[in-house]
Structure formats: structure tokens, C-alpha cells
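Here is what each chain is made of, one letter per residue.
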Amino acid sequence: MLEKMIIFLFDRFLKRNVTDTQVESLAQFIKFGIVGVSNTVVNYLIYLVSLSVLSRFAIFARTDYLIAQVVAFVLSVLWSFYWNNRFVFVEAEDDNRTWWKALFKTYVSYAFTGLFLNTILSLLWIEVFHISKLIAPIINLLVSVPVNFILNKFWAFKSEGKEIDS
């Protein structure tokens with residue numbers, strides 16, 4: 001259905017033909033975006049709950065937002081992995097992908113963008129520019145989402161090759 005809509009839009013409005021590979025890649029990016037939106041909501045809700053708990057009990061008051069970010073990261077990557085594996089980067093029958101390797105690679109790719117990069121950006125927004133702790137994670141998305149798609153598509157969920165029968 002999504003693929004047919006993409007073809008219709010390209011034919012009707014852009015007056016361009018698209019290849020099956022282009023349609024598949026665009027559909028995959030759109031699905032990744034849908035999972036990404038849900039992941040963003042889950043991440044932000046976990047961040048808010050964690051920040052609220054840490055603030056309420058005055059635990060790590062100076063770095064509460066960083067700890068909340070780590071908690072949100074760990075739990076939301078599990079959410080993202082599950083849905084990307086089942087909805088976006090669906091394994092073909094003849095592919096040989098090990099789920100735990102894909103999960104590990106997902107954590108590594110999200111660690112780079114979602115944890116390392118977002119932590120640096122959060123420090124910049126909050127400590128240097130004095131942007132709210134509640135708004136900084138939203139600004140970070142403009143950088144981390146496109147980088148995450150590329151890392152997931154071409155590395156984390158890449159097939160390990162086909163099984164060869166002996």
C-alpha cells in the first residue's frame with residue numbers, strides 16, 4: 001500500500017518514474033520515520049519520568065538530566081530495535097541475520113548518535129546556551145535521526161549473507 005502511494009505521488013505530481021529499488025528505499029525510510037516518531041515519544045516520556053523521579057528525590061541534582069538521558073536511551077533503543085526488526089528492516093527468507101548481533105549493532109549506532117552525540121549537544125544547549133532541559137532533547141533529533149537511519153540500514157540490520165548448504 002505504501003509503495004503504491006509513493007509510485008502514485010511520483011507519477012502524478014513529480015512526473016517521474018521510480019525504480020522498484022527507489023520505491024523500496026523510500027518506503028523503508030518512511031517506516032523508519034514512523035518507528036522513529038514512536039521511539040522519540042517513548043524516549044522523551046522515559047526521560048521526563050526519570051528526570052521527575054531524580055528531581056523529586058534530589059538525586060544527582062546537577063547531572064539529573066544526563067542520568068535521565070541514559071535511562072531513556074537504554075529503554076528506548078530496545079523499543080526501536082524491536083519495531084525496526086519487525087517493521088522496517090524485515091529479514092528476507094534467505095537472509096542470515098543474528099538478532100543479538102543486530103541488537104548489539106543497534107546499541108552501538110544509537111550510542112554514537114543517541115547517547116554520545118546527544119550528550120555533547122545537551123551539554124552545549126543547556127550549559128552554554130541555557131536552553132531548557134525539557135527542550136534540549138527535541139533539538140537533538142534534527143541531527144541524530146538521519147544519522148541513525150543510515151547506520152541502521154547499512155550496518156546494524158544488514159544481512160550477514162546467505163546460508164550455504166553443504
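Look above for the structure.
One structure accompanies this document, and this report is about it. (Residues numbered from 1 in each chain as written. Predicted model: local features only at pLDDT ≥ 70, side-chain atom pairs only at ≥ 80, totals over all residues. Heavy atoms only, no water.)

Here we come to the nonpolar core. In terms of nonpolar packing, the biggest core is built from 13 residues, with Phe32, Phe81, Val88, Phe89, Tyr110 and Phe157 touching the most fellow members. Elements with a minimum of two residues in this core: α2 (20–56), α3 (64–88), α4 (99–128) and α5 (136–156). With four residues, α3 is the single largest residue contributor to this core. Sequence-distant contacts of phenylalanine 157, defined by excluding residues within four places in its chain, comprise Phe81, Asn84, Asn85, Phe89, Arg97, Ala102, Thr106 and Asn152. (Core = buried A, V, L, I, M, F, W, Y, C linked by side-chain atoms within 4.5 Å. Buried < 20%, exposed > 50% of the residue type's maximum accessible area, 1.4 Å probe, protein only. Helix = DSSP H or I, 4+ residues; strand = E, 2+ residues; numbered from the N terminus. Contact = heavy atoms within 4.5 Å.)

For any two helices packed against each other, one specifies the crossing angle of their axes together with the interaxial distance. Contact geometry for α4 and α5: axes closest at 9 Å, N-to-C directions at 155 degrees. Judged by the inter-axis angle, α4 sits roughly antiparallel to α5. Relative to α5, α4 is oriented so that their crossing is right-handed. Residue composition of the contact of α4 with α5, grouped by class: 15 nonpolar, nine polar and one charged. (Axes fitted to C-alpha atoms, helices over the stretch in contact; angles between N-to-C directions. Parallel < 35°, antiparallel > 145°, perpendicular 65-115°, else oblique. Left-handed = near helix turned anticlockwise from the far one by under 90°. Nonpolar A, V, L, I, M, F, W, Y, C, P; charged D, E, K, R; others polar.)

The next point concerns α3. Between its first and last C-alpha, α3 extends 33 Å over 25 residues, near the 36 Å set by a 1.5 Å rise per residue. For α3, every residue scored as buried is listed here: Asp64, Tyr65, Ala68, Gln69, Ala72, Phe73, Ser76, Val77, Ser80, Phe81, Asn84 and Val88. Against α2 and α4 lie the buried residues of α3. (Expected span 1.5 Å × (residues − 1).)

Structurally, the position occupied by asparagine 118 is in helix α4. Given the relative accessible area of 11%, asparagine 118 is considered buried. Residues asparagine 118 and valine 143 lie 25 residues apart in sequence; the distance between their C-alpha atoms is 8.7 Å. When near neighbours in sequence (up to four residues on either side) are disregarded, asparagine 118 contacts Gln69, Thr113, Asn140 and Ser144.

A side chain of one charge can pair with a side chain of the opposite charge if their charged atoms are brought near each other. Under the defined criterion, the tally for this structure stands at one salt bridge. The salt bridge partner of lysine 133 is aspartate 64, with a shortest N-O separation of 3.2 Å. One end of the pair, lysine 133, is in the loop between α4 and α5; the other, aspartate 64, is in helix α3, and 69 residues separate them in sequence. Looking at lysine 133, the relative accessible area reads 29%, which means it is partly exposed. (Salt bridge = Lys/Arg side-chain N within 4 Å of Asp/Glu carboxyl O.)

A cluster of nonpolar residues, Leu26, Phe29, Ile30, Ile34, Trp79, Tyr82, Trp83 and Phe87, forms a patch on the protein surface that exposes about 700 Å² of accessible area. Put simply, the parts of the chain that give the nonpolar patch at least two residues each are α2 and α3. Inspection of the secondary structure assignment puts leucine 26 in helix α2. Exposure remark for leucine 26: the relative accessible area of 30% places this residue in the partly exposed category. (Patch = residues over 30% accessible without salt bridge, like charges linked within 9 Å, V, L, I, M, F, W, Y side chains within 5 Å. Areas by Shrake-Rupley, 256 points an atom, 1.4 Å probe, with all protein chains shown as cover.)

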